[in-house]
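Chain by chain, the residues run as shown.
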Amino acid sequence: MKNIVCALRAVLHAARRVAALSALLAAVGAALLVTAGCGAHRARWLTSYDDGLQAARAQDKHILLFLSADEEPLSARIKALVTADEAVRALSERYVLVNLDFSRSRFDAAMNIPADASADAVDAALSEQSALVGNTKLSMYLGAQQNPALYLLTKDGYPVCELLLGESVQTLADISALLEAEAETVARYDELVAAVASASGAEKARAIDAVYEATPARSRYMVLPLCKQVPALDEANESALVGKHLLAIANGEASDAFLEQDVDKAAAAFTAVAENPLLTRGEVQEAYFTAAYLLAQGGSTDYEAMLALAQRSYDAAPESGHAEGVKAFILQIKQQIALAREMQESVQIEEAAPNASGADDGAGAGTPKATLAPSASAASPSAAQSAASSASA
């Protein structure tokens, strides 16, 4: 349960950022990097992730995905470093280079369409806005938490690792050293991916799970295409992994729903999977708990629905190690229900009593909403173990 809840916390945080920027369509995007070199087939940084995937598959190369923002001094410096002629030539020998630029200037240019802009200019701006939104989502699915960031992906877009960029990165040799330090990790990951291609049935399900586990936890959304194969590959659940990957699929669906600001849809993804007979009792507990947790974190005031889901979570496995945490969450919901009722009664009394002038001055109009925010101890049955690692789990 720890991994699902921690991953969802990251998604919830990301979704709130998207919500804050959605009125402006997006706050980040894909910017064009000026590439150097000459000749008919010069190496360059691509600015489209989809183009990068296509090129990587065609060239049988890994993808080096660089996230940047010109307003950030460190990001601007490393961008200048990796886009220099020498760096582009050296890096493109082994990798397909893709850059997503998160610069505010790119966003402003796409959003500020002049009133007298031509139809072609408007179409171009709208296309750019769509690209900005798509790249924003991609960065969130990767679990990007800093800028600049550098990711190494397989030719199919599976994240192998993130290369940490800091002030110590001063030269191309430093970048090369970061890549070399991950050589063994890359080789092992490639072996796991190759094992998926050569296997079938339950064996393939196990191979997919090995890739899933080898993928950085924050970036596992990117391997959902593999997870989605598991239920059909192992219909009898011989691997005992089907429930795990059904939960991973539900997590992906919930992530998409949160980016659409649809809390109910996000919770419904876990409620639906909880009914699957291939889930263990512990997995059913996790599914129902996560559905209730999402409603709470998403600002829902449907406390009765939360309570019903939390109770189902507890009833699914009352003897589990997470049961006490679920009980604490149930108690918190009940307290919130009582508080909401008190507030409602208070409003009704105020509305029934005329003010000194005998007229309603509007005070107390409407019903205040009490919002449930799970405490650290109740938000997750494993919160004591996961709170400190929620940003990286």
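Residues numbered from 1 in each chain as written. Predicted model: local features only at pLDDT ≥ 70, side-chain atom pairs only at ≥ 80, totals over all residues. Heavy atoms only, no water.

This paragraph deals with the overall build of the protein chain. Scanning the protein chain for helices and strands turns up 18 helices and four strands. The buried share of the protein chain, taken over its 393 residues, is 47%. Across the protein chain, contacts joining residues at least 24 apart in sequence account for 71% of those joining residues at least 6 apart. Carbon together with sulfur atoms contributes 53% to the accessible area of the protein chain, which is approximately 18,600 Å² in total. (Helix = DSSP H or I, 4+ residues; strand = E, 2+ residues; numbered from the N terminus. Buried < 20%, exposed > 50% of the residue type's maximum accessible area, 1.4 Å probe, protein only. Contact = heavy atoms within 4.5 Å. Areas by Shrake-Rupley, 256 points an atom, 1.4 Å probe, with all protein chains shown as cover.)

Ordered in space as E2-E1-E3-E4, the four strands form an open sheet in which the pairing is mixed. A strand with exactly one partner marks an edge of an open sheet, and here the two such strands are strand E2 (95–101) and strand E4 (159–163). Neighbouring strand axes in the sheet, compared pairwise and without regard to direction, differ in orientation by 20° on average. The strands touched by helix H3 (residues 73–82) within the sheet are strand E1 (62–68) and E2, with E1 carrying the most contacts at an inclination of about 145°. (Pairing = 2+ DSSP bridges. Axes fitted to C-alpha atoms, helices over the stretch in contact; angles between N-to-C directions.)

Within strand E3 (residues 149–153), five of the five residues are buried, leaving the element largely enclosed by the surrounding structure. When E1 meets E3, the two strands line up antiparallel, connected through five bridges. Pairing of Leu67 across the sheet is with Ala149, part of E3. Looking at chain direction, E3 and E4 are connected through four bridges and run antiparallel. Residue Leu150 lies in a different strand from E4, and its bridge partner there is Leu163.

This part covers the confidence of the model for the protein chain. Here the protein chain shows a mean pLDDT of 83. Residues at 70 or above account for 79%. Note on residues 362–370: pLDDT is under 50 here. Beyond four places in sequence and across chains, it has 15 contacts. (pLDDT = per-residue confidence, 0-100.)

Looking now at the packing of aromatic side chains. Inspection of the entire model under this criterion finds four aromatic pairs. Look at Phe289 and Phe329: their rings are 5.3 Å apart centre to centre, the planes differ by 65°, and that puts the pair in the edge-to-face class. Of the two residues, Phe289 is situated in helix H14 (residues 281–297) and Phe329 in helix H16 (residues 323–352); the sequence distance between them amounts to 40 residues. Here the two residues Phe289 and Phe329 agree in accessibility, since each one is buried. (Phe/Tyr/Trp six-rings, centres within 6.5 Å; stacked < 30°, edge-to-face > 60°.)

Once that is clear, we can look at the packing of helix H15 (residues 303–316) against H16. For any two helices packed against each other, one specifies the crossing angle of their axes together with the interaxial distance. Here H15 crosses H16 at 160°, and the two axes come no closer than 9 Å. As far as their axial angle goes, H16 and H15 are roughly antiparallel. Here the hand of the crossing between H15 and H16 comes out left-handed. Between H15 and H16, the residues in contact are Tyr303, Glu304, Met306, Leu307, Ala310, Gln311, Ser313 and Tyr314 and Ala323, Val326, Lys327, Phe329, Ile330, Ile333, Lys334, Gln336, Ile337, Ala340 and Arg341, respectively. (Parallel < 35°, antiparallel > 145°, perpendicular 65-115°, else oblique. Left-handed = near helix turned anticlockwise from the far one by under 90°.)

Now for the pairing of E1. Within a regular beta strand, the side chains point alternately toward one face of the sheet and then the other, so they alternate between its two faces. Counting buried positions along E1 yields seven of seven residues, so the element is predominantly enclosed. Across the two faces of E1 the burial is the same, with His62, Leu64, Phe66 and Ser68 and Ile63, Leu65 and Leu67 all buried. As defined by bridge partners, E1 adjoins E2 across seven bridges and the pair is classed as parallel. Bridge pairing in E2 places Leu67 opposite Leu100.

We now examine H14. For H14, spanning 17 residues, the distance from its first C-alpha to its last is 24 Å, which sits close to the expected 24 Å at 1.5 Å a residue. Of all 17 residues in H14, 14 are buried; the element is thus mostly enclosed. Gly299 lies just past H14 and shows a positive phi near 85°. (Expected span 1.5 Å × (residues − 1).)

A separate point is the pattern of salt bridges. In the structure shown here, the tally under the stated rule is 17 salt bridges. In this structure, the salt-bridge partner of Glu162 is Arg218, at a minimum N-O distance of 3.7 Å. In this pair, Glu162 is assigned in strand E4 and Arg218 in the loop between helix H9 (201–214) and helix H10 (224–227), connecting sequence segments 56 residues apart. A relative accessible area of 18% means that Glu162 is categorised as buried. (Salt bridge = Lys/Arg side-chain N within 4 Å of Asp/Glu carboxyl O.)

All right, on to the environment of Val160 then. Considering the arrangement of structural elements, one finds Val160 in strand E4. The class for Val160 is buried, based on a relative accessible area of 3%. Separated by 54 residues in sequence, Val160 and Ala214 have C-alpha atoms that sit 7.7 Å apart. Filtering out sequence-adjacent residues up to four positions away, Val160 remains in contact with Leu152, Leu153, Thr154, Thr185, Val186, Tyr189 and Pro216.

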